[in-house]
Amino acid sequence: MVPIALLASLATLIYAASYLAVCAVSPWGRCRRCHGRRSHRTAIGTRRDCPRCDGTGIRVRTGRRLLDYIRAEYRAGQQ
């Protein structure tokens, strides 16, 4: 019998690896505030560009930032 803790840690490792693979292939995701619509409604009902994504509707995924950080640290260690 395989302990449940081993199965849980294996599932977590597989999930993290697949998320990093998705971030490597597709680094952009939809903005969480405007949901990719590029604008949002204000309190008085008018539309404005989303301040979080500057009206682009996209954002860099957290995993892609992590990959870029690891890559930068690796390159800095090589010099």
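Everything below is about the structure printed above this text.
Residues numbered from 1 in each chain as written. Predicted model: local features only at pLDDT ≥ 70, side-chain atom pairs only at ≥ 80, totals over all residues. Heavy atoms only, no water.

S.K.: Looking at this structure, how should I read the overall build of the protein chain?
M.R.: If you tally the helices and strands in the protein chain, you get two helices and four strands. Here the protein chain has a C-alpha radius of gyration of 19 Å; the compact-globule value for 79 residues is 12 Å, and the former is much larger. Counting only C-alpha atoms and orienting by the principal axes, one finds that the protein chain spans roughly 60 × 45 × 20 Å. Counting the 79 residues in the protein chain, one finds 16% classified as buried. (Helix = DSSP H or I, 4+ residues; strand = E, 2+ residues; numbered from the N terminus. Rg over C-alpha atoms; globule rule 2.2 N^0.38 Å. Buried < 20%, exposed > 50% of the residue type's maximum accessible area, 1.4 Å probe, protein only.)

S.K.: Hey, could you run me through unusual backbone geometry in this one?
M.R.: With glycine set apart, most residues show a phi of negative sign, and most peptide bonds adopt trans. The residue H35 is not glycine, and still its phi comes out positive at about 60°. Despite not being glycine, D54 has its phi angle at roughly 60°, a positive value. Within the secondary structure, D54 sits in the loop between β3 (47-49) and β4 (58-60). Relative accessible area serves as the criterion here: at 64%, D54 is assigned to the exposed category.

S.K.: Could you clarify how one ought to interpret the state of the cysteines in this entry?
M.R.: Structurally, a disulfide amounts to a covalent bond that connects the sulfur atoms of two cysteines. A complete count under the given rule lists zero disulfides for this structure. Counting only cysteine sulfurs, C50 is the nearest neighbor of C31, a cysteine outside any disulfide, at a range of 3.7 Å. We classify C31 as buried; its relative accessible area is 2%. A disulfide-free cysteine, C34 has its sulfur positioned 3.8 Å from the sulfur of C53, the nearest such atom. Relative accessible area serves as the criterion here: at 0%, C34 is assigned to the buried category. (Disulfide = S-S within 2.5 Å.)

S.K.: I would appreciate a short explanation of the environment of P51 in the present structure.
M.R.: Within the fold, P51 resides in the loop between β3 and β4. Residue P51 is classed as partly exposed on the basis of its relative accessible area, which comes to 48%. Considered as a pair, P51 and R33 are 18 residues apart in the sequence and their alpha carbons are 8.8 Å apart. Those residues in contact with P51, other than ones at most four positions away along the chain, are R33 and H40. (Contact = heavy atoms within 4.5 Å.)

S.K.: Please clarify how the pattern of salt bridges should be interpreted in this entry.
M.R.: Opposite charge on two side chains lets them pair, provided their charged atoms get close. Inspection of the entire model under this criterion finds two salt bridges. Between R71 and D68 there is a salt bridge, with its nearest N and O atoms 3.5 Å apart. Placement of both R71 and D68 in helix α2 (residues 62-78) is noted, with a separation of three residues, approximately one turn of the helix. On the basis of relative accessible area, R71 is assigned to the partly exposed category, the value being 35%. (Salt bridge = Lys/Arg side-chain N within 4 Å of Asp/Glu carboxyl O.)

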